[in-house]
Structure formats: structure tokens, C-alpha cells
Amino acid sequence: MGSPPNAAPHSQPTPGPGSVPTPRTAAGRDGLAALLAHPQRAVIALDFDGTLADIVPDPAKARAHDGAVAALGRLAPRLRAAAVITGRPATVAVRLGGFAEAPGLDRLTVLGHYGAERWEAATGTVHAPAPPPGIAAIQAELPGVLDASGVWHGTWIENAIERKGGRAIAVHTRRATDPQGAFDQLRGPLTALAERHGLIVEPGRLVLELRPPGMDKGVALADWVRETGATTVLYAGDDLGDLAAFAAVEKLRSDGLGGVLVCSGSNEVAELADRADLVVDGPTGVVALLAALAGRLG
């Protein structure tokens, strides 16, 4: 799907306290009006890395942006429900985000591994299926594939492979001498490797994730929205993996629900920014938006 006909180039100013920015599309404006008029029928769902947390060279050192948990904790009780949808294991996102027992987040849901795992703040428990067998085979073959690609050598490779709870493997190129060049060079070989073992490759911001098919953020989001019975949904994301969630919101809007699409930053994934109703300045802008919504509803 292309850009909305009235889409502006990129980010809107970061809202001040209590000032909610105006979406640049008619559908976005209608969705925001519905959220503000009937918050008890609305839900919000947010990506983690690049949306609630800044992108960092070492994914293990990512943390929720300053003020993110507090702003979400102020807003969530005013809505029907709130969720974080991420490719990370649910427990990892909870730990890095500081979501457990956070004030106001007692009804938060974290959907990890694109919805394959589920953590509920109300119980503190995680529900997850067994890891797919293809992951172990890929783990054994991956060093040879990286070596043959010519990008095995380099300081970045030490932390390039991230075991994701046994359900996925992510290869990060942000530390490479030529991050985008390494990303482009690895995409074909890793796609072939994944296909041999019944998996798929999910590209992100300088990361290629090998994981099972059948679940993505769009499926996870649509299922969760239907479960909550919400009539309006706001979704915020930042990379290619969030395109499926954007498509899910667009489909929900065609079915009569209200929807707001928020892009966290516009520098690396132009397609996401082009399709968004609002483009904010990375996690700082997301936090400001959450705080402004909480202020309006408070």
C-alpha cells in the first residue's frame, strides 16, 4: 500500500505536555478522536526496540526510554488495555522494559516472539509453546553460512547472534564496518538457510531474524484487539517488522474500527513513515505522545 494521499514527508513536532499532535490523515484523525472520546473502548499496542527503547549496538543493553514506563503507567489505566508486541522473548522484554509490578501496568500484556509468547502483568506468568526444531539446525549451520558470505570476520560478529529463548536467532549487523552492506549481503544466504529448515527471515533495522512462520506482529495485534473487544486501536512501531501490524490496523479500519498508526522515527524505514498517521521523534516522541494522551484523558 502506498502513502496516504494527504501524507506529509515525515515527523511532526514532539507534543508538549497535554498537547496531542494532529494526525496527517483523515483516518488517523478519526481514530484519535474516537480514542479520546471513548478511551474505555480503546487499546494501545507498542513495539519495544526503537519505539519504547532506543536502538543500541548491543541489544542486551537496551532499556526502556526515560519516562516510558511512567507515561505508559499513567495512560494504560484510562484505556481498555495496553500491550507491548515484540520479537524478543516476553520475559526479556519485561526485564529490559521494567514492566513487572510497575505502577499503572497491572493489566499490561507483553506478546513476545511476535505473539508466540504471552506475559500477563496480572499473574506474572508466561505462556509459550516448545521451540521449533529448525532453530537448533540453523544454530549449527549459521557459522558456516556467515563465513562463506565473507562477513564472518570482524568485531561485530561476537555479538551478532542472539539466541532468543530458543524460538529465533537474530543476526545483527549494526556493529559491522559497513552495516547496511553486511545486511544486504547476508539477506539472501540467511533466507536460503531459513527456508531449508522451514523458517522465515524477518528483516528489521540492521537485523535479520530467523524464526518460525505463521506469526507476525499483524496476526498478534489483530488477535489481541479482537480478544479485548476494543473499537479503537493505536499502534506504534519503528521498523520493517511493524509493517504487518500497520496492515492489521488498516484492515481493522476497513472493518469499521478506529485506528491510529504511529511511526517512531523516520530515518531508517521510509515505508513505515509514509504509511503512518503520525511520525514522532523516536522513543522520545513516543513517550511525549503517551504523556500527552494521558494528560488529555486525565
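Remarks on the pairing of strand β7 (residues 169–172)
So, step 1. Neither face of β7 is open: one carries Ile169 and Val171, the other Ala170 and His172, and all of them are buried.
So, step 2. The pairing of β7 with strand β9 (residues 207–211) spans four bridges and is antiparallel. Residue pairing in the sheet places valine 171 in a bridge with leucine 208 of β9.

Topic: helix α3 (residues 90–97)
So, step 1. For α3, the buried fraction is high: six of the eight residues fall into the buried class.
So, step 2. Along α3, the positions that sit buried rather than exposed are Ala90, Val92, Ala93, Val94, Leu96 and Gly97.
So, step 3. Those residues of α3 that are buried are in contact with α2 (68–75), β3 (109–112) and β4 (117–120).
So, step 4. Following α3 by one or two positions, glycine 98 adopts a phi angle in the positive range, close to 70°.

Digging into the sheet that holds β3
So, step 1. Spatial ordering of the open sheet is given by β5-β4-β3-β2-β1-β10-β11-β12, a layout of eight strands whose pairing is mixed. Where the open sheet ends on each side, the last strands, each with one partner, are β5 (125–127) and β12 (278–280). Between one strand axis and the next, the sheet turns by 20° as a mean value, whatever way the strands run.
So, step 2. With three bridges connecting them, strand β11 (residues 258–264) and β12 associate as parallel partners. Bridged to valine 262 within β12 is leucine 278.
So, step 3. Of the strands in this sheet, β3, β4 and β5 are in contact with α3, which crosses β3 at around 130°.
So, step 4. Strands in contact with helix α7 (residues 243–254) are β10 (232–237) and β11; relative to β11, the strand with the most contacts, it is inclined by about 160°.

Details of the pairing of β4
So, step 1. Relative to β4, β3 runs antiparallel, the two being bridged by four bridges. If you follow leucine 111 over to β4, its bridge partner there is arginine 118.
So, step 2. Between β4 and the antiparallel strand that follows it, β5, lie four residues; glycine 124 among them carries a positive phi value of about 70°.

Structural notes on α7
So, step 1. The first and last C-alpha atoms of α7 sit 17 Å apart over 12 residues, in line with the 16 Å expected at 1.5 Å per residue.
So, step 2. Its buried side turned inward, α7 meets α6 (217–228), β10, β11 and α8 (270–275).
So, step 3. Immediately downstream of α7, the backbone of glycine 256 shows phi near 105°, a positive value.

Quick word on the side chain of histidine 113
So, step 1. As for its placement among the helices and strands, histidine 113 is situated in the loop between β3 and β4.
So, step 2. A distance of 3.4 Å separates the side chain of histidine 113 from the backbone oxygen of glycine 87, its partner in a polar contact.

What to know about the nonpolar core
So, step 1. In this structure, Ile44, Leu52, Phe99, Leu108, Val110, Leu290 and Leu293 are the most contacted members of the largest nonpolar core, which totals 44 residues.
So, step 2. The element best represented in this core is helix α9 (residues 282–297), accounting for seven residues.
So, step 3. Beyond its immediate chain neighbours, meaning those up to four positions away, valine 110 contacts Val84, Thr86, Ala90, Ala93, Val94, Phe99, Glu117, Arg118 and Trp119.
So, step 4. Counting 27 residues, the second-largest nonpolar core is a separate cluster that includes Ala45, Ala230, Leu252 and Leu272.

Brief notes about unusual backbone geometry
So, step 1. Non-glycine residue glutamate 101 carries a positive phi angle of around 60°.
So, step 2. Counting through the fold element by element, glutamate 101 comes out in the loop between α3 and β3.
So, step 3. The phi torsion at histidine 113 lies on the positive side, around 50°, for a residue other than glycine.
So, step 4. The class of histidine 113 is buried, set by a relative accessible area of 5%.

A word on the confidence of the model for the protein chain
So, step 1. Looking at the protein chain, pLDDT values average 87 and 88% of them are 70 or higher.
So, step 2. Across residues 1–9, confidence stays below pLDDT 50; counting only partners more than four residues off in sequence or on other chains, it has 15 contacts.
So, step 3. Segment residues 154–163: pLDDT under 50, and 28 contacts once partners within four positions in sequence are set aside and those in other chains are kept.

Focus: the packing of aromatic side chains
So, step 1. Scanning all chains against the criterion turns up two aromatic pairs.
So, step 2. Here phenylalanine 48 and phenylalanine 99 contribute two aromatic rings whose centre-to-centre distance is 6.2 Å and whose plane-to-plane angle is 80°, an arrangement assigned as edge-to-face. With phenylalanine 48 in the loop between β1 (42–46) and α2 and phenylalanine 99 in the loop between α3 and β3, this pair connects stretches of sequence that are 51 residues apart. As far as the burial class goes, phenylalanine 48 and phenylalanine 99 line up, both buried.
So, step 3. With a centroid separation of 6.3 Å and an interplanar angle of 90°, the aromatic rings of tyrosine 235 and phenylalanine 246 are classed as edge-to-face. Within this pair, whereas tyrosine 235 is found in strand β10, its partner phenylalanine 246 is found in helix α7, the two being separated by 11 residues in sequence. Residues tyrosine 235 and phenylalanine 246 agree in their burial class; the two are buried.

Basis of the calculations
- Residues numbered from 1 in each chain as written.
- Predicted model: local features only at pLDDT ≥ 70, side-chain atom pairs only at ≥ 80, totals over all residues.
- Heavy atoms only, no water.
- Buried < 20%, exposed > 50% of the residue type's maximum accessible area, 1.4 Å probe, protein only.
- Helix = DSSP H or I, 4+ residues; strand = E, 2+ residues; numbered from the N terminus.
- Pairing = 2+ DSSP bridges.
- Contact = heavy atoms within 4.5 Å.
- Axes fitted to C-alpha atoms, helices over the stretch in contact; angles between N-to-C directions.
- Expected span 1.5 Å × (residues − 1).
- Polar contact = N/O pair within 3.5 Å; in protein donor to acceptor, adjacent residues only side chain to side chain.
- Core = buried A, V, L, I, M, F, W, Y, C linked by side-chain atoms within 4.5 Å.
- pLDDT = per-residue confidence, 0-100.
- Phe/Tyr/Trp six-rings, centres within 6.5 Å; stacked < 30°, edge-to-face > 60°.

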